[in-house]
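These are the residues of each chain, in order.
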Amino acid sequence: MALFLGFIALLYAPTHDLFRHNLLYYDYVGEATTGIVFRQDVLLYTLTAWFAKWNINFEIIRFLFVFLSYQMYFSLFYSIQRKNSYLNNNKKISFLLFLLLLFSIRFFVICCGLRQGLATAFAVFGVYKLLIENRKVGYVFLLLAPLTHLSLIIAFVGVLIIKYINISFKVGLFLAIVLYLLSMTLMNYLSSFLGGDVGKAVEVYTTGYWGADGEAAEQISLKGMIALYFNQLQMLPLLYFMYKVNENSKYFSFIVFSFIICAVTLPYFAVIDRMIMLFMGISVLFLIYNFNGSRLHLKVSKTALILVASFFFISLYAERYTIRLSREYKLLTPVPYILMNNYSEQWLWNNVNNWGK
């Protein structure tokens, strides 16, 4: 399944962020870059420079990012399934929960944005390995996450915090409400405190172009706003499950921590979307890990599945124009032919405008 989704990503037309990443690849062609590209989100830019030098198609990076992301999520699911006797004996419910996980993973974010999607997968994988399986290798993935996208440094910070304190759901809910009301003040302070490029990035996403009242927010259509609110709606059944369970564990505390971060970033549409991805990943796995077939577990799972599947199809509809440009018909061809797929620089300029649309 991860391999198949990787092939879909490889054939997907490079629009939006993918357009800019693809152009950067062509900028690197002919340069003698063989070392680390020291800039924010170092993993993608270093790989882009290396692949350009070695004359490996940029599309292979997309394939790798999507394949690795899904492989990590699926490996966690199968690990849980093996240890959960109820899921082992009930294939129908096991399949339902697999669909819940599958639809909760943001394919288009991984495929088109590259950095955020893979970084979130690294963070979710690292948190699970560290806090559920108590394996130190989790720290490796938690360090890879901010190297892929800086925003996921919040996962590493969260792990350090809950190492010393447990956060109950009620305490987390109280903090979420208070910090949401203070979010604008907190973000302004954080931007000033951090300073430099990181501080500027915080400012851009909170009070600048991508902020709550920024130019980007004014350009969102009514359908876009509905999609944003529906994205947030997905959290509700999982929050209800947390309220009912209120487990005293480090993993549960990390979910509560991620919910608090969602509350702080709620006014900022470009940031909250990223934080919801983290929350959904770890909370869906928490639900699957604890699933015992009870009425509560079934009710929450089915409601969550309806919401995440609906949001997936909303996202699919939003990508309808890009899908028309894509080459998914090549999925019917031999694998070597798929792997050779390439969108040339000339194709980019002929088919996509300067804004990547």
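Going along each chain's sequence as written, the residues are numbered from 1 onward. Per-residue local features of the predicted model are confined to residues with pLDDT of at least 70, and side-chain atom pairs are confined, for both listing and counting, to 80 or more; whole-chain, interface and lining totals are unaffected and use all residues. With hydrogens and water set aside, each side-chain value is computed from the structure's full complement of heavy atoms.

(A) The overall build of the protein, seen in detail. A run of H or I in DSSP counts as a helix once it spans at least four residues, and a run of E counts as a strand once it spans at least two, with each numbered from the N terminus. The number of helices and strands found in the protein is 22 helices and zero strands. The globule rule is 2.2 Å times the number of residues to the power 0.38, and the radius of gyration it is compared with is taken over C-alpha atoms. On C-alpha atoms alone, the protein measures out to a radius of gyration of 20 Å, which is about the 21 Å that the 2.2 N^0.38 rule sets for 357 residues. Taken along the three principal axes of its C-alpha coordinates, the protein extends 55 × 50 × 45 Å. Burial here depends on accessible area, computed with a 1.4 Å probe over protein chains only, as a share of the maximum for the residue type. Under 20% is buried, over 50% is exposed, and the range in between is partly exposed. Per-residue burial over the protein gives 51% buried out of 357 residues. Within the protein, contacts between residues separated by at least 24 positions form 74% of all contacts whose residues are at least 6 apart in sequence. Averaging the coordinates of the 28 positive side-chain charges in the protein and doing the same for the 16 negative ones gives two points 15 Å apart. Throughout, a contact is declared for two residues whenever any of their heavy atoms are within 4.5 Å. We score Asp and Glu as negative and Lys and Arg as positive, and we do not count His or the chain ends. Here the site of a charge means NZ on Lys, CZ on Arg, CG on Asp, or CD on Glu.

(B) Geometry of the confidence of the model for the protein. How sure the predictor is of each residue is captured by pLDDT, a score from 0 to 100. Looking at the protein as a whole, its pLDDT mean stands at 90, while 91% of the residues score no less than 70. Predicted confidence in the protein is weakest over helix α14 (residues 215-218), with a mean pLDDT of 61, and strongest over helix α8 (residues 115-131), with 97.

(C) Spotlight on the pattern of salt bridges. Note on definitions: salt bridges are taken to be side-chain nitrogens of Lys or Arg within 4 Å of carboxyl oxygens of Asp or Glu. For the structure on display, the rule yields seven salt bridges. Glu59 is the partner of Arg62 in a salt bridge, and the nearest nitrogen-oxygen pair spans 3.5 Å. Placement of the pair is Arg62 and Glu59 together in helix α4 (residues 59-83), with a separation of three residues, close to one helical turn. Across this residue pair, the class does not change: Arg62 and Glu59 are buried. Note that Glu133 is salt-bridged to Arg135, the shortest N-O span being 3.6 Å. By relative accessible area, Arg135 is classed as partly exposed at 41%. In the salt-bridge network here, residues are joined through shared partners; they are Lys83, Lys129, Glu133 and Arg135.

(D) The arrangement of the packing of α4 against helix α6 (residues 91-104) in detail. Where helices are involved, their axes are fitted lines through C-alpha atoms of the stretch in contact, as for all axes, and angles between N-to-C directions lie from 0 to 180°. α6 packs onto α4 with a crossing angle of 155° between their chain directions and a minimal axis gap of 11 Å. With respect to α6, the axis of α4 lies roughly antiparallel. Like other packed secondary-structure pairs, α4 and α6 cross with a definite hand, here right-handed. Contact with α4, carried on its side by Tyr70, Tyr73, Phe74, Phe77, Tyr78 and Gln81, involves Ser94, Leu97, Phe98, Leu101 and Leu102 of α6 and no other residues of that element. We call two directions roughly parallel when the angle between them is under 35 degrees, roughly antiparallel when it is over 145, roughly perpendicular when it lies between 65 and 115, and oblique otherwise. The hand of a helix crossing depends on one turn: near helix anticlockwise from the far one by less than a right angle means left-handed, and clockwise means right-handed.

(E) Molecular detail of a nonpolar patch on the surface. Taken together, the side chains of Val171, Leu173, Phe174, Leu175, Ile177, Val178, Tyr180, Leu181, Leu182, Leu186 and Leu266 define a hydrophobic patch exposed on the protein surface, amounting to about 940 Å² of accessible area. If you tally residues by element for the nonpolar patch, the top one is helix α11 (residues 169-181), at eight residues. Mapped onto the fold, Phe174 is located in helix α11. For Phe174, a relative accessible area of 55% corresponds to the exposed category. What goes into a patch is any residue over 30% in relative accessible area without a salt bridge, connected to like charges within 9 Å or, for nonpolar side chains (Val, Leu, Ile, Met, Phe, Trp, Tyr), within 5 Å. Each accessible area is a Shrake-Rupley result for a 1.4 Å probe, and residues are judged covered by the shown protein chains and nothing else.

(F) Here's a closer look at the nonpolar core. Among buried residues, the Ala, Val, Leu, Ile, Met, Phe, Trp, Tyr and Cys ones that are joined through side-chain atoms within 4.5 Å form a nonpolar core. Ranked by internal contacts, the top residues of the largest apolar core, which has 115 residues, are Tyr70, Leu97, Phe107 and Phe279. Ranked by residues supplied to this core, first place goes to helix α18 (residues 269-290) with 13 residues. Each residue touching Phe279, except ones within four places of it in the same chain, is listed here: Met235, Leu238, Leu239, Met242, Ile255, Ser258, Phe259 and Cys262.

(G) Looking closely at the environment of Ser258. The residue Ser258 is located in helix α17 (residues 250-265) in this model. The class of Ser258 is buried, set by a relative accessible area of 2%. As for Ser258 and Ala304, which are separated by 46 residues in sequence, their C-alpha atoms are 18 Å apart. Aside from chain neighbours lying at most four places away, what touches Ser258 is Leu278, Phe279 and Ile282.

(H) Layout of the packing of helix α10 (residues 153-162) against α17. Relative to each other, α10 and α17 sit at 130°, their axes nearing to 10 Å. It follows from the interaxial angle that α10 and α17 lie oblique. For the pair α10 and α17, the crossing hand works out as right-handed. Contacts between α10 and α17 involve Ile154, Ala155, Gly158, Val159, Ile161 and Ile162 on the former and, on the latter, Lys250, Ser253, Phe254, Phe257 and Ile261. Under the grouping applied here, Gly and all other residues not named as nonpolar or charged are polar, the nonpolar ones being Ala, Val, Leu, Ile, Met, Phe, Trp, Tyr, Cys and Pro and the charged ones Asp, Glu, Lys and Arg. Of the residues in the contact of α10 with α17, the class split is eight nonpolar, two polar and one charged.

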